[in-house]
Amino acid sequence: MNFQFRSNLIITLFIIVIIGAMLILIKLLSNSFDEVDPMLTENEIMAQEVSYLEKINQFSLQEFDDRQILSHFVKAKSYFNFRNRPALLLDPRVTTYDEAGKENYILSAQRANYLDSGEIKFTEEVDIHSNSGVTHKINTEELIIGTKTDDLVSHKKVTYLGERGKIIAQGMYMHTKQDKLKLTGKTVIYQDGGQRILTKNLNIDQSNGKKHYYSEEDTSYLAKYNKIYSSGIDLNMQTELLTLAGKVEILQKSGSKINTKNLSIDQSKGGEVYRTKESIRYQSKVADISAIGMHYDAKNQKIKLTGGVVGRYE
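Residues numbered from 1 in each chain as written. Predicted model: local features only at pLDDT ≥ 70, side-chain atom pairs only at ≥ 80, totals over all residues. Heavy atoms only, no water.

Trainee: So what's going on with the overall build of the chain? Which residues, and what values?
Mentor: Along the backbone of the chain there are two helices and 24 strands. Going through the 314 residues of the chain one by one, you find that 40% of them count as buried. Of the contacts formed within the chain by residues at least 6 apart in sequence, a portion of 33% connects residues at least 24 apart. Per element, the accessible surface of the chain, about 18,000 Å² overall, is 53% carbon and sulfur. (Helix = DSSP H or I, 4+ residues; strand = E, 2+ residues; numbered from the N terminus. Buried < 20%, exposed > 50% of the residue type's maximum accessible area, 1.4 Å probe, protein only. Contact = heavy atoms within 4.5 Å. Areas by Shrake-Rupley, 256 points an atom, 1.4 Å probe, with all protein chains shown as cover.)

Now the structure itself:
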């Protein structure tokens, strides 16, 4: 009797284990069908027909504000709706409109997600064109456009592709109605001339045709022969004139040190000329020189100190 009971118990447990294993396998297969790599091409998505619930070619959608004025117009080559993930837009183009109903911004990319909240999340490279003619080219893991404010927000790594270099930041915020953009967190500017500029919370103002980059945070300017530290930066991309604001310390590769204020760096025509009309203190291993004003050709390593030069030599 005990033998028969034990045999039945073993058989019952074996059946339960088999059923459990089958349920787990079915669940894993189901999850694999639901998961879709957002990097897949349209043909690759089509090859996985079970992965999406709905496809719309030449997708378009109009969105209106509380006053029934057109605020957004969304177009895409294809729209895919999935069971357990945000909808996917291929070759999306989003147009925003101002309060007068005129085109304000056009955002275009290779792909984006249409979220349940109504927000649109772009990935990879995004081109942002304003009605003023200004274009911003951005690479990011995530750029979300808010349907209520039209503001563009990213809390992920952002690469801003400028005219003469690139800028990498920890995020971005753009107030589209003012045509002003802020790269947030730690920010590095890589210039075509090989210089690096380290700062934080860099503002990019391209309104009214300007190309103005500025920050009031501590800034480091790293060049071939010098490291310069200041309490702010102002860069005019049109004139290629950079100003390092506040107290400035220049550490030369030779070991010499220069202390001054409000240093301008002329980078036009591929040059790198430092100028200031402020007080100067130049210190080296053999000299301690004070002056008012400086002209320093960094590429040719020539310094001219002006105005009441006083030196002490050892």
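There's plenty left to go through after this.
Trainee: Before we move on, could you go through the confidence of the model for the chain and cite the residues and values that matter?
Mentor: Confidence along the chain averages 83 in pLDDT terms, with 83% of residues attaining 70 or more. Of all the helices and strands in the chain, helix H1 (residues 2-34) carries the lowest mean pLDDT, 52, while strand S16 (residues 219-222) carries the highest, 97. Of the regions scoring below 50 in pLDDT, residues 26-36 engages in nine contacts with residues more than four places distant in sequence or in other chains. (pLDDT = per-residue confidence, 0-100.)

Trainee: Help me get a handle on the environment of tyrosine 190, residues and values and all.
Mentor: As for its placement among the helices and strands, tyrosine 190 is situated in strand S13 (residues 180-191). In sequence terms tyrosine 190 and isoleucine 167 are 23 residues apart; their C-alpha atoms lie 6.1 Å from each other. Among all residues touching tyrosine 190, those that are not within four sequence positions of it are Arg164, Gly165, Lys166, Ile168, Gln195 and Arg196.

Trainee: So what's going on with the packing of aromatic side chains? Residues and values would help.
Mentor: Ring pairs (aromatic) are described by centroid distance and by the angle formed between their planes. Considering all chains together, one arrives at three aromatic pairs under this definition. Ring geometry for phenylalanine 80 against phenylalanine 82: centres 6.4 Å apart, planes inclined by 15°, an arrangement best described as stacked. The class of phenylalanine 82 is buried, set by a relative accessible area of 5%. Ring centres of tyrosine 274 and tyrosine 296 lie 5.0 Å apart, and the angle between their planes is 75°; this geometry places the pair in the edge-to-face category. Of this pair, tyrosine 274 sits in strand S21 (residues 273-283) while tyrosine 296 sits in strand S22 (residues 287-297); the two residues are 22 residues apart in sequence, bridging distant segments of the chain. The same class applies to tyrosine 274 and to tyrosine 296, which are both buried. One Lys or Arg, lysine 166, reaches over the ring of tyrosine 190 and ends 5.9 Å from the middle of that ring. (Phe/Tyr/Trp six-rings, centres within 6.5 Å; stacked < 30°, edge-to-face > 60°. Lys NZ or Arg CZ within 6 Å of the ring centre and 35° of its normal.)

Trainee: Explain unusual backbone geometry to me, using residue names and the numbers behind them.
Mentor: Positive phi outside glycine occurs at glutamine 58, with the angle close to 50°. You can see glutamine 58 is positioned in strand S1 (residues 52-64). Since its relative accessible area comes to 63%, glutamine 58 is described here as exposed. Even without being a glycine, asparagine 262 presents a positive backbone phi close to 45°. Position of asparagine 262 relative to the elements: it lies in strand S20 (residues 257-266).

Trainee: Provide a residue-level description of the pattern of salt bridges, including the pertinent values.
Mentor: On inspection of all chains with the given rule, the structure shows six salt bridges. Aspartate 266 is paired through a salt bridge with arginine 275; the nearest N and O atoms lie 3.5 Å apart. The network of salt bridges with shared partners includes Glu125, Asp127 and Lys137. (Salt bridge = Lys/Arg side-chain N within 4 Å of Asp/Glu carboxyl O.)

Trainee: Would you mind going over the pairing of strand S6 (residues 111-114) in detail, with residue names and values included?
Mentor: Here S6 shows a buried face lined by Arg111 and Asn113 and a second buried face lined by Ala112 and Tyr114. Summarising the sheet, strand S3 (residues 87-90) and S6 pair through four bridges and their orientation is antiparallel. When the bridges of S6 are listed, alanine 87 appears paired with tyrosine 114. In this structure, S6 lies alongside strand S7 (residues 120-130), joined through three bridges in antiparallel fashion. Residue tyrosine 114 lies in a different strand from S7, and its bridge partner there is isoleucine 120. Once S6 ends, the chain turns through five residues before running back antiparallel as S7, passing glycine 118 with a positive phi of about 95°. (Pairing = 2+ DSSP bridges.)

Trainee: Could you give me a rundown of the nonpolar core, with the residues and numbers involved?
Mentor: Judged by nonpolar contacts, the single largest core of 56 residues is most densely connected at Phe122, Leu183 and Tyr274. Considering every element that reaches this core, the biggest residue donor is S22, with five residues. The residues touching phenylalanine 122, leaving out its near neighbours within four places in the chain, are Pro92, Val94, Leu107, Ala109, Arg111, Ala112, Glu141, Glu142, Leu143 and Ile145. With five residues, the next largest nonpolar core counts Tyr52, Phe82, Leu88 and Leu90 among its residues. (Core = buried A, V, L, I, M, F, W, Y, C linked by side-chain atoms within 4.5 Å.)

Trainee: Can you explain the pairing of S22? Please cite residues and give values.
Mentor: Burial analysis of S22 places eight of its 11 residues in the buried class, which makes it a mostly covered element. Examined bridge by bridge, S21 and S22 share nine bridges and lie antiparallel to one another. When the sheet's bridge partners are listed, threonine 276 is paired in S22 with methionine 294. What sits between the antiparallel neighbours S21 and S22 is a turn of three residues. Of the strand pairs in this sheet, S22 and strand S23 (residues 302-305) are connected by four bridges, and their pairing is antiparallel. Bridging from a neighbouring strand, tyrosine 296 pairs with isoleucine 303 of S23. Between S22 and S23, which follow one another and run antiparallel, lie four residues, and glutamine 301 among them has a positive phi close to 55°.

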